[in-house]
Amino acid sequence: MTRKDYNPSNDSEALLALSAAAKRCPGRPNTSTLWRWARKGIKARSGPRIRLEHVRVGGKIYVTLDSLNRFFKKVASADMEYFEKQSEARSHLSEYRIRKPIPRNRREKEIEKAETFLREEGI
């Protein structure tokens, strides 16, 4: 990033230290949580690992509000993809639902009733 790229007047592109960024995140996660998101990422339910975009300046890590928003949106879309696949799988399983067996005495009564009907009909 060159000096020309960095524009502190644009709030969403201003570099924030992890401690400052944590204060602006919903739920106010700990600074170490943001560090973990940047370094290790989050494994989404659908499988891929999603990392927070960051910049290292010297020994410090900085993020922007835009990178946080992109990170949250990627995590949410990965979750939605996972949940959609789960609901599709459940809908397919409902077609093949296993029926509970009929109790023996009820089954015998139904067989007897059918045989009586067939005898009366002369079949």
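Everything numeric in this text was worked out from a predicted model, so none of it was measured.

A. Region of the structure containing helix H4 (residues 104–121). In this model H4 runs 26 Å from its N-terminal to its C-terminal C-alpha over 18 residues, within 8% of the 26 Å that 1.5 Å per residue would give. Just downstream of H4, Gly122 is the residue with a positive phi angle, here 80°.

B. Region of the structure containing a positive patch on the surface. Taken together, the side chains of Arg36, Lys40, Lys43, Arg49 and Arg51 present a region of like positive charge at the surface. Relative to the helices and strands, Arg49 resides in strand S3 (residues 49–50). Looking at Arg49, the relative accessible area reads 44%, which means it is partly exposed.

C. Inspection of unusual backbone geometry at higher detail. For Arg28, which is not a glycine, the phi torsion comes out positive at approximately 45°. As for its placement among the helices and strands, Arg28 is situated in the loop between helix H1 (18–24) and helix H2 (31–39). On the basis of relative accessible area, Arg28 is assigned to the exposed category, the value being 55%.

D. Representation of the pairing of strand S5 (residues 60–63) in the model. A one-sided burial pattern is seen for S5, the buried positions being Ile61 and Val63 and the unburied ones Lys60 and Tyr62. As judged from the 2 bridges shared by strand S1 (residues 16–17) and S5, these two strands associate in the antiparallel manner. Looking at S5, one finds that Leu16 is bridged to Val63. With 3 bridges connecting them, strand S4 (residues 55–57) and S5 associate as antiparallel partners. If you follow Arg56 over to S5, its bridge partner there is Ile61. In this structure, the hairpin formed by S4 and S5 is closed by a connection of 2 residues, where Gly58 is found at a positive phi of approximately 65°.

Calculation criteria
- Residues numbered from 1 in each chain as written.
- Predicted model: local features only at pLDDT ≥ 70, side-chain atom pairs only at ≥ 80, totals over all residues.
- Heavy atoms only, no water.
- Helix = DSSP H or I, 4+ residues; strand = E, 2+ residues; numbered from the N terminus.
- Expected span 1.5 Å × (residues − 1).
- Patch = residues over 30% accessible without salt bridge, like charges linked within 9 Å, V, L, I, M, F, W, Y side chains within 5 Å.
- Areas by Shrake-Rupley, 256 points an atom, 1.4 Å probe, with all protein chains shown as cover.
- Salt bridge = Lys/Arg side-chain N within 4 Å of Asp/Glu carboxyl O.
- Lys, Arg positive; Asp, Glu negative; His and termini not counted.
- Charge placed at Lys NZ, Arg CZ, Asp CG, Glu CD.
- Buried < 20%, exposed > 50% of the residue type's maximum accessible area, 1.4 Å probe, protein only.
- Pairing = 2+ DSSP bridges.

Structural measurements only, silent on function.
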